[in-house]
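Topology and contacts: notes
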Amino acid sequence: MTHFSWLDYTLFGGYLAASVGVGLFSARGSKSLGDYFLAGRGMNSILVAMSILAALFSGISYLAGPADVYKNGFAFAYIVLAFFIATPFTAIYMLPKFYQSRFFTAYQFLEERFSLSVRLLASGLFIFRVALWLAAATYAPALALEKVTGMPLWITILATGTLTTLYTALGGMRAVIWTDVMQLIVLFGGQMIIVFVAIGKIPGGLGGVWDTAMADGRLDLSLSFSLSERVNIWAVLLAGAFLHLVQMATDQVSVQRYLTAGSLQEAKRSLWIKLWLILPVLVLFYGTGLVLYAFYKTHGDPMAAGLIAKEDQILPYFVVTQLPAGLPGLLIAAIYAASMSTISAGLNSLASATVVDFKQRLSSAPEGTQAQQVGNARWITVAYGIIVVGLAFAVSFMPGNLVESVNTVIGLIGGPLLGLFFLGMFTQRATTRGALLGCLAGFVSLLGIFMYQNGVFTAVKPPMLVSFIWFSLLGTIITMTVGLLTSGRSAPSSGRHQ
């Protein structure tokens, strides 16, 4: 297989250098924690919307979205429709709760509503989930670069994690947002090039892609209701809405971006802008899977020929074998763009949760000068970068493809976390005791299902009980049900907000 040319390496290296340069430039403006974590609360709605989109649209999406459609058809991609449920719900009912007290983190709300213990539990769950999510986001571009350059996977993982940690630690949230905007443009433009080149080599062009998809049932979506079926109409709408809510309404990665806006109205506007931005982006990326399916149906399936080991490598394989010199470097840079924006956003949010929810809240020691606080935040960011790189080496051992693995992690931990926020925001009866027991029940139940389905308790892997897409919804329901049942009749406890 053709590998990178010197021109590819030059363009790819230039892009990485530009990303680090933005971090160095942005570092000059971070003089306080408000600057470092919230960009001084002065970002406009368009930049915030683009940053939210880039942060959640990672290299996992870039590689795994087309790969999942290539292997399984377009069914999972219909989950984009659930954004029309999750976005207005977040903007109308949840976002005002975060803005009314000018929080730094989403989990300060839970202390104000319940207690410090609930806040620390929620923040800890967020840190655990996002560390795993970022590990997958680090692994995804490393997998692509290994395939196209022949470099060992461990080198590419270290390169991804080290460079992103560097510019994130230096520049804080301002660097994250500006690199997000730059990376989103590269990301979208790169995918457009792939689609145009592929369509040009398919008999019948775009019409040929459509005819192939229709003839092979690649656009079909089951209308039945089944928790064990991988994807159906109810899964993408109901379960998909809860999957989106986990990331949009309880995730510090998203909430931290809302709080960088100058006002609640600006934050709401950014959510609506993001909704209309994400539709063409997701249609393009999932549609790429249909294009690649039609292309390789004509030119021979590389997986069947043993040229690639996993469907997650189908996109970089196309890039390096079908595009002229120079373009592979740009497009692999686009994959890195997606992952670096996600990793940088996650590292900054992990640091903010650690500093605000744990260090500041639990420590009685003097906080030091603003410069010292920012310096500590930078070192915490570096520490999380090291942890994420270490976890990235374990991602290859997770069951299923990247789409299934990542959404399973989101559901396992994010479902109970969303249940905590629902108990706090939409019930008066729930107490601290109920919230803690409900969250524990939700997590243990989902973990038990996951372990059973993957054959941990049996010699032979049993049939699927619950598809990965339902985990967020089930975790929310179990947490709320147990939480309300164990809260008794006492009045809701009130936490002390700091």
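Calculation rules
Within each chain, residue numbers correspond to sequence positions counted from 1 in written order. Totals for whole chains, interfaces and linings use every residue, but because this is a predicted model, local features are given only for residues with pLDDT of at least 70 and side-chain atom pairs only at 80 or more, for both listing and counting. Just so you know, side-chain values use all the structure's heavy atoms and leave hydrogens and water out. Secondary structure elements are taken from DSSP: a helix is a run of H or I of four residues or more, a strand is a run of E of two residues or more, and numbering for both begins at the N terminus. The classification of residues rests on relative accessible area computed with a 1.4 Å probe and restricted to protein chains. Under 20% of the type maximum is buried, over 50% is exposed, and intermediate values are partly exposed. Residues are treated as being in contact if the distance between any of their heavy atoms lies within 4.5 Å. Take the buried Ala, Val, Leu, Ile, Met, Phe, Trp, Tyr and Cys residues and link them wherever side-chain atoms come within 4.5 Å; each set so joined is a nonpolar core. Here the bend at a residue means the angle between the axes of two seven-residue stretches, the one that ends at it and the one that starts at it. Throughout, an axis means a line fitted to C-alpha atoms (over the contacting stretch in the case of helices), and angles, computed between N-to-C directions, take values from 0 to 180 degrees. By definition in this entry, angles of less than 35 degrees are roughly parallel, angles greater than 145 are roughly antiparallel, angles of 65 to 115 are roughly perpendicular, and the rest are oblique. Each residue gets one of three labels, nonpolar for Ala, Val, Leu, Ile, Met, Phe, Trp, Tyr, Cys and Pro, charged for Asp, Glu, Lys and Arg, and polar for the others, Gly among them. Residues enter patches when their relative accessible area tops 30% and they take part in no salt bridge; the joining distance is 9 Å for like charges and 5 Å for the nonpolar side chains Val, Leu, Ile, Met, Phe, Trp and Tyr. We get accessible surface area from the Shrake-Rupley algorithm with a probe of 1.4 Å; when it comes to residues, only the shown protein chains can shield them. Only one rule defines a salt bridge in this text: a Lys or Arg side-chain nitrogen within 4 Å of an Asp or Glu carboxyl oxygen. What the arc describes is the spread of directions from the helix axis to the C-beta atoms. Two rings from Phe, Tyr or Trp (for Trp, the six-membered ring) form a pair when their centres are within 6.5 Å of each other. A pair whose planes differ by under 30 degrees is stacked, one over 60 is edge-to-face, and the rest are tilted. Counting as a charge over the ring demands two things of the Lys NZ or Arg CZ atom: a distance within 6 Å of the ring centre and an angle within 35 degrees of the ring normal. For this analysis, a polar contact is any N or O atom pair within 3.5 Å, provided that within protein one partner can donate a hydrogen and the other can accept it, and provided that sequence-adjacent residues contribute only side-chain to side-chain pairs.

**Comments concerning the environment of Cys439**
Relative to the helices and strands, Cys439 resides in helix H17 (residues 432-453). Assessed through its relative accessible area of 3%, Cys439 is described here as buried. Along the sequence, Cys439 and Gly475 sit 36 residues apart, while their C-alpha atoms lie 8.3 Å from each other. Sequence-distant contacts of Cys439, that is, excluding residues within four places in its chain, are made with Leu121, Leu125, Pro416, Leu420 and Thr479.

**Digging into the nonpolar core**
In terms of nonpolar packing, the biggest core is built from 135 residues, with Phe126, Phe421 and Ile469 touching the most fellow members. Element by element, the count of residues in this core is highest for helix H12 (residues 264-299), at 17 residues. If near-sequence neighbours (up to four positions away) are discounted, Phe421 is found in contact with Met94, Phe98, Ala106, Tyr107, Phe109, Leu110 and Thr250.

**Quick word on helix H5 (residues 83-99)**
By the largest-angle criterion, Ala91 marks the main kink of H5, which is about 45 degrees. Among the residues of H5, Phe83, Ala86, Thr87, Pro88, Thr90, Ala91, Met94, Leu95, Phe98 and Tyr99 are the ones counted as buried.

**Focus: the packing of helix H10 (residues 233-249) against helix H18 (residues 471-485)**
The N-to-C vectors of H10 and H18 enclose an angle of 80 degrees; their axes lie 7 Å apart at closest approach. By the angle between their axes, H10 is roughly perpendicular relative to H18. Here H10 contributes Ala239, Phe242, Leu243 and Val246 to the contact with H18, which in turn contributes Ser472, Leu473 and Thr476. In terms of residue class, the contact of H10 with H18 is made up of five nonpolar, two polar and no charged.

**Some points on a nonpolar patch on the surface**
Residues Trp6, Leu7, Leu11 and Leu330 make up a contiguous nonpolar surface patch of about 400 Å² in total accessible area. Per element, the largest residue contribution to the nonpolar patch is three residues, and it comes from helix H1 (residues 6-26). When you line up the elements, Leu11 lands in helix H1.

**Describing the pattern of salt bridges**
Per the counting criterion, the structure on display carries seven salt bridges. Residue Arg129 pairs with Asp251 through a salt bridge whose shortest N-O separation is 2.3 Å. Here Arg129 is found in helix H7 (residues 116-149), whereas its partner Asp251 is found in the loop between H10 and helix H11 (252-258), with 122 residues between them in sequence. Taken as a pair, Arg129 and Asp251 share a single burial class, namely buried. Across the pair Arg269 and Glu266 runs a salt bridge, and its minimum N-O distance is 2.3 Å. A residue pair is termed a helical-turn pair when its members lie 3 or 4 positions apart in one helix, as Arg269 and Glu266 do in helix H12 at three residues.

**Brief notes about helix H9 (residues 205-215)**
Among all positions in H9, only Gly205, Gly208, Val209, Thr212 and Ala213 are buried. Take H9 and look down its axis: the buried residues cluster within an arc of 130 degrees, on one side only. Away from its buried face, by an angle of more than 90 degrees, H9 presents the exposed residues Leu206, Trp210, Asp211 and Ala215. Where H9 terminates, the next one or two residues include Gly217, which has phi positive at roughly 70 degrees.

**Quick notes on the packing of aromatic side chains**
Per the stated rule, a full pass over the model turns up 19 aromatic pairs. Judged by centre distance (4.8 Å) and plane angle (90 degrees), the rings of Phe295 and Tyr296 are edge-to-face. The exposure classification of Phe295 matches that of Tyr296, with both residues buried. Members of the aromatic cluster, each reached through a chain of ring pairs, are Tyr70, Tyr293, Phe295, Tyr296, Tyr317 and Phe318. The ring of Tyr293 has Arg218 lying over it, and the distance from NZ or CZ to the ring centre is 4.1 Å.

**Quick notes on the environment of Thr250**
The residue Thr250 is located in the loop between H10 and H11 in this model. Classification of Thr250 as buried rests on a relative accessible area of 0%. A C-alpha to C-alpha distance of 8.2 Å links Thr250 and Tyr107, two positions 143 residues apart in sequence. Once residues lying within four places of it in the same chain are set aside, the contact partners of Thr250 are Ala106, Tyr107, Leu245, Leu417, Leu418 and Phe421. Polar contacts involving the side chain of Thr250 include one to the main-chain carbonyl oxygen of Val246, which spans 2.7 Å.

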